[in-house]
Amino acid sequence: MENPIKNSLGNLRNGYDYDIQCWVREGLVLPCGHRLSMDCRCAGRKYAGRTIAYARKKESEKIIEGG
Ligand SMILES: [Zn+2]
């Protein structure tokens, strides 16, 4: 039976992902809500509408590459 909070891959489905710091709904990254004029570069800005699995993968690649 599927965990209601996390899917089988361990990715968050609904709530706040503390690792990459963005809100997640039904497995999709929600827009951060910062002002557009603010160059926030947060996960919610970069990955809005993407799957959390995609966002986490990209962020982990970035960490491995060292920035
Ligand atoms: Zn933001």
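Scroll up to find the structure.
Residues numbered from 1 in each chain as written. Predicted model: local features only at pLDDT ≥ 70, side-chain atom pairs only at ≥ 80, totals over all residues.

Novice: I keep staring at the overall build of the protein and nothing clicks. Help me out?
Specialist: Helix and strand content of the protein: 2 helices and 3 strands. The order of α-helices and β-strands along the protein, N terminus first, is β-β-β-α-α. In the protein, which comprises 67 residues, the share counted as buried stands at 16%. Nonlocal contacts in the protein, meaning residues at least 24 apart in sequence, comprise 23% of its contacts between residues at least 6 apart. (Helix = DSSP H or I, 4+ residues; strand = E, 2+ residues; numbered from the N terminus. Buried ≥ 20, exposed ≤ 12 C-beta atoms within 10 Å, placed from the backbone. Contact = placed C-beta atoms within 7 Å.)

Novice: I keep staring at unusual backbone geometry and nothing clicks. Help me out?
Specialist: Across the chain, the bulk of peptide bonds are trans and the bulk of non-glycine residues have phi less than zero. For Gln-21, which is not a glycine, the phi torsion comes out positive at approximately 60°. Tracing the chain through its elements places Gln-21 in the loop between β1 (15-17) and β2 (22-25). Despite not being glycine, Arg-41 shows a phi value in the positive range, around 55°. Along the chain, Arg-41 turns up in the loop between β3 (28-29) and α1 (43-46).

Novice: How do you make sense of the sheet that holds β1 when you look at a structure like this?
Specialist: With respect to topology, 3 strands assemble into an open sheet ordered β1-β2-β3, the strand pairing being antiparallel. Looking at the sheet topology across the chains shown, the edges are occupied by β1 and β3. (Pairing = 2+ DSSP bridges.)

Novice: Explain the environment of Val-24 here, please?
Specialist: Tracing the backbone through its elements, the reader meets Val-24 in strand β2. Each C-alpha atom of the pair Val-24 and Arg-50 lies 9.8 Å from the other, and the pair is 26 residues apart in sequence. Excluding residues that lie within four positions of it along the chain, Val-24 makes contacts with Leu-12, Arg-13, Asn-14, Gly-15, Asp-17, Val-29, Leu-30 and Ile-52.

Novice: What am I meant to see in the pairing of β2 here?
Specialist: Within a regular beta strand, the side chains point alternately toward one face of the sheet and then the other, so they alternate between its two faces. Only one face of β2 is covered, namely the one carrying Cys-22 and Val-24; the face carrying Trp-23 and Arg-25 has none of its residues buried. The pairing of β1 with β2 spans 3 bridges and is antiparallel. Paired with Asp-17 across the bridge in β2 is Cys-22. Between β1 and the antiparallel strand that follows it, β2, lie 4 residues; Gln-21 among them carries a positive phi value of about 60°. As defined by bridge partners, β2 adjoins β3 across 2 bridges and the pair is classed as antiparallel. Looking at the pairing, Val-24 lines up with Val-29 of β3.

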